[in-house]
Every structure is written in C-alpha cells, then in structure tokens.
Amino acid sequence: MSFGISLVNAKLDYALRAVVDLAMQSHNNASQSREIAARQKIPGPYLDQILAELKRAGIVRSVRGAGGGYLLNRSPALLSVGEVLRAFTGSDPADLDDINTDSFDPSATSVVTKFRVRLERSVAHLLETTYISDFVNEKLRYEDTQSFMPNL
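The paragraphs below set out a description of the structure included in this document. (Residues numbered from 1 in each chain as written. Predicted model: local features only at pLDDT ≥ 70, side-chain atom pairs only at ≥ 80, totals over all residues. Heavy atoms only, no water.)

### Focus: the overall build of the protein chain
Stated formally: Numbering of helices and strands starts at the N terminus; helices are DSSP runs of H or I of at least 4 residues and strands are runs of E of at least 2. Accessible area is worked out with a 1.4 Å probe on protein chains only. A residue is then buried under 20% of its type maximum, exposed over 50%, and partly exposed in between. Should any heavy atoms of two residues lie within 4.5 Å, those residues are considered in contact. Every accessible area reported is derived by Shrake-Rupley at a probe size of 1.4 Å, with residue values counting cover from the shown protein chains alone.
Within the protein chain, the regular secondary structure consists of six helices and two strands. In sequence order, the secondary structure elements of the protein chain are arranged as α-α-α-β-β-α-α-α. When each of the 152 residues of the protein chain is scored for burial, the buried share is 30%. Considering only contacts in the protein chain between residues 6 or more positions apart, those separated by 24 or more positions represent 63%. Only carbon and sulfur atoms are counted for the fraction: they give 56% of the accessible area of the protein chain, which is about 10100 Å².

### Remarks on the pattern of salt bridges
Put simply, the rule is: We define a salt bridge as a contact between a side-chain nitrogen of Lys or Arg and a carboxyl oxygen of Asp or Glu at a distance within 4 Å.
Applying the stated criterion to the full structure yields seven salt bridges. A salt bridge links K11 to E53; the nearest nitrogen and oxygen atoms lie 3.0 Å apart. Of this pair, K11 sits in helix 1 (residues 10–24) while E53 sits in helix 3 (residues 44–56); the two residues are 42 residues apart in sequence, bridging distant segments of the chain. On the basis of relative accessibility, which here comes to 24%, the residue K11 falls in the partly exposed class. According to the relative accessible area criterion, E53 is buried, its value standing at 17%. Taking the shortest distance from any N to any O, the salt bridge between E143 and K139 comes out at 2.3 Å. Here E143 and its partner K139 are both found in helix 6 (residues 132–146), four residues apart, which amounts to about one turn of the helix. Since its relative accessible area comes to 37%, E143 is described here as partly exposed.

Below, the structure written as structure tokens:
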C-alpha cells in the first residue's frame, strides 16, 4: 500500500545506490565517480557532491592516482542505511528517546505526537537494522534468479 508520500528523497536514493554500487565492486578496486554515475544513472556533478558528503562522513574514502576513485571505508555488513542518511541530515534517531510519550494527555496534539514518535521510532529501527550488505545480497539473489544457470 502506498500513501503517495516518500520518506526517501533523491539525494538519499542516489547515495544509497552509489554505496551499494561500491559494495558490489572488488574491495581493492576503486571506482571513479563517472563509472558509478553511468552504472547507476546518476547525474555526474550531483554524484560528486554526494560522494564528497559521504567522504566527510567517513563512509567512503578516495584514492588518488591512475587507479583512483572511491572505496567504501568499511564492510557493507557494518554500514547501516541510517548511517548513510545521517551523512546528509546530521540527525540521530536516538534523539527520539528524549520525548516522553508515557504521560496521559487526551489532547489531539498529544495523541498525534505520540503517533508521530511511534512512527519515527519504527522507521529509525528499520534504518539502523538494514545494512548495505542486505541490499547487495538481495541484488545478488535477484541476479541469480535471472540467470539461466543459477549458482554459477
């Protein structure tokens, strides 16, 4: 069911696609931004900005030289979607823990606030428990089902 709203903006979508792309590459082969942009159909200049922000956040690192480009800074199994999101927002889902939802207040404002906090905590949990390796594994499973000779 879709409600016509998106919790993922274009910047996060492109960032996740770029990070998954890097995770799919050999761990010691750096990928140039133009290669990532071509594979993922991301506008090159926009991807350069995204990669710079991911680098500042410590998610990717750049390698200079002839074989230069970008690499993930750590294993995709240790990199959550939440960390990628925080590279752009700076917010931390743990901030929701400071909001008291236990007090009884029958006002519409209180009821709506309690719902919003429950929703945001659920989304935060999903973001923190979904790892880039989950995307990689799903992509590999899909590619395997599309192959005429699975598991080869």
